[in-house]
Amino acid sequence: MGRNLGITSEIPMPHDFDSTTASPVDPRLESDQNPNISEMLHQFNEKYFARRLKGYTMRWNSQLKVEYDRCNYHTNTIHVSKGRHESQRRSVLVKTILHETIHAYLDKTGQDRAENSAHSRAFRAEKRRISVHIGEDIDNEEDVDLEIAKKLILVYCCKRCGRRVQRGIDQAPQNEMLPDIQKHKQKCSGTFEKL
């Protein structure tokens, strides 16, 4: 039951549930609280991507704090943030996995990696295709619990210019860490402090 809906454990379903027409974000699937994300990747690969994601793996990642997930084209790995998905609805996980599997699919079909990462026209076309299949925009964030999401993000503000930067770690941004921070340092000599 629930084949290719991303259901990875036995969950009670109403007698009138039809897995052939159901969406993987159907609210009745929310009781699948400990999903096997590798199995979800396998099922979604079969249902939406014609088994083109061969070689890709999916792993929980406790280091991802700001992002929900990330597709690494060099290692063929989709990293899913453990902290960002804990206590969130299952539908949030499903949609973020589908988002990243689109990146993986386009990588496997030869899409330019820089364009793919920047959500190219091809990415947006695939996103629309998947959104139609599941009956909801995969980038719709209405089901994200913002109070839970905010707990994982620290905000730092420049004391001089007021620029705000989100961080997933308890460390102020420093000029050698990111190009944006280097540019900030060149324009403003202010320092960041946690809000």
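Please refer to the structure higher up on the page.
Residues numbered from 1 in each chain as written. Predicted model: local features only at pLDDT ≥ 70, side-chain atom pairs only at ≥ 80, totals over all residues. Heavy atoms only, no water.

*Asks:* Would you mind going over the overall build of the protein chain with me for this structure?
*Replies:* The helix and strand tally for the protein chain stands at seven helices and six strands. Going from N to C terminus, the protein chain has its helices and strands arranged as α-β-β-β-α-α-α-α-α-β-β-α-β. Within the protein chain, residue pairs in contact and separated by at least 24 positions form 52% of the contacts whose partners lie at least 6 positions apart. Surface exposure of the protein chain reaches about 11200 Å², of which carbon and sulfur atoms provide 47%. (Helix = DSSP H or I, 4+ residues; strand = E, 2+ residues; numbered from the N terminus. Contact = heavy atoms within 4.5 Å. Areas by Shrake-Rupley, 256 points an atom, 1.4 Å probe, with all protein chains shown as cover.)

*Asks:* Can you help me understand the packing of aromatic side chains in this one?
*Replies:* The geometry of an aromatic ring pair comes down to the distance between the two centres and the angle between the two planes. Tallied over the entire structure, the rule returns three aromatic pairs. Look at Phe 44 and Tyr 48: their rings are 5.9 Å apart centre to centre, the planes differ by 45°, and that puts the pair in the tilted class. Of this pair, Phe 44 and Tyr 48 both sit in helix H1 (residues 37–48), four residues apart, which is roughly one turn of that helix. For the pair shown, Phe 44 and Tyr 48 are each scored as buried. With a centroid separation of 6.5 Å and an interplanar angle of 75°, the aromatic rings of Tyr 48 and Phe 49 are classed as edge-to-face. (Phe/Tyr/Trp six-rings, centres within 6.5 Å; stacked < 30°, edge-to-face > 60°. Buried < 20%, exposed > 50% of the residue type's maximum accessible area, 1.4 Å probe, protein only.)

*Asks:* What's the story with helix H5 (residues 121–134) in this structure? I'm lost.
*Replies:* Every α-helical turn comprises 3.6 residues, leaving residues that sit three or four positions apart pointing alike. With 14 residues, H5 should reach 20 Å at 1.5 Å per residue; the first-to-last C-alpha distance of 20 Å fits that figure. Of all the residues in H5, the buried ones are Phe 123, Glu 126, Lys 127, Ile 130, Ser 131 and Ile 134. Down the axis, H5 shows its buried residues gathered within 135° of arc, on one side only. Across from the buried face of H5, at angles greater than 90 degrees, the exposed residues are Arg 121, Arg 128 and Val 132. In this structure, the buried side of H5 is in contact with H1, helix H3 (90–108) and helix H4 (113–117). Trailing H5 by a residue or two, Gly 135 shows a phi angle of about 80°, which is positive. (Expected span 1.5 Å × (residues − 1). Arc of directions from axis to C-beta.)

*Asks:* Would you explain H1 in this entry?
*Replies:* Between its terminal C-alpha atoms H1 stretches 16 Å, which fits the 16 Å expected from twelve residues at 1.5 Å a residue. Residues Ile 37, Met 40, Leu 41, Gln 43, Phe 44, Asn 45 and Tyr 48 constitute the buried set of H1. Buried residues belonging to H1 abut strand E1 (57–61), strand E3 (77–81), H3 and H5. Looking at where H1 begins, the residue whose side-chain oxygen comes 3.0 Å from the main-chain nitrogen of Ser 38 is Asn 36. The positive-phi residue at the C-terminal boundary of H1 is Ala 50, with phi of around 50°. (Polar contact = N/O pair within 3.5 Å; in protein donor to acceptor, adjacent residues only side chain to side chain.)

*Asks:* How do you make sense of the environment of Arg 28 when you look at a structure like this?
*Replies:* Tracing the chain through its elements places Arg 28 in the segment before H1. Given the relative accessible area of 38%, Arg 28 is considered partly exposed. It is 7.3 Å that separates the C-alpha atoms of Arg 28 and Met 13, two residues lying 15 residues apart in sequence. Leave out the neighbours within four places in its chain, and Arg 28 touches Ile 11, Met 13, Pro 14, Asp 16 and Phe 17.

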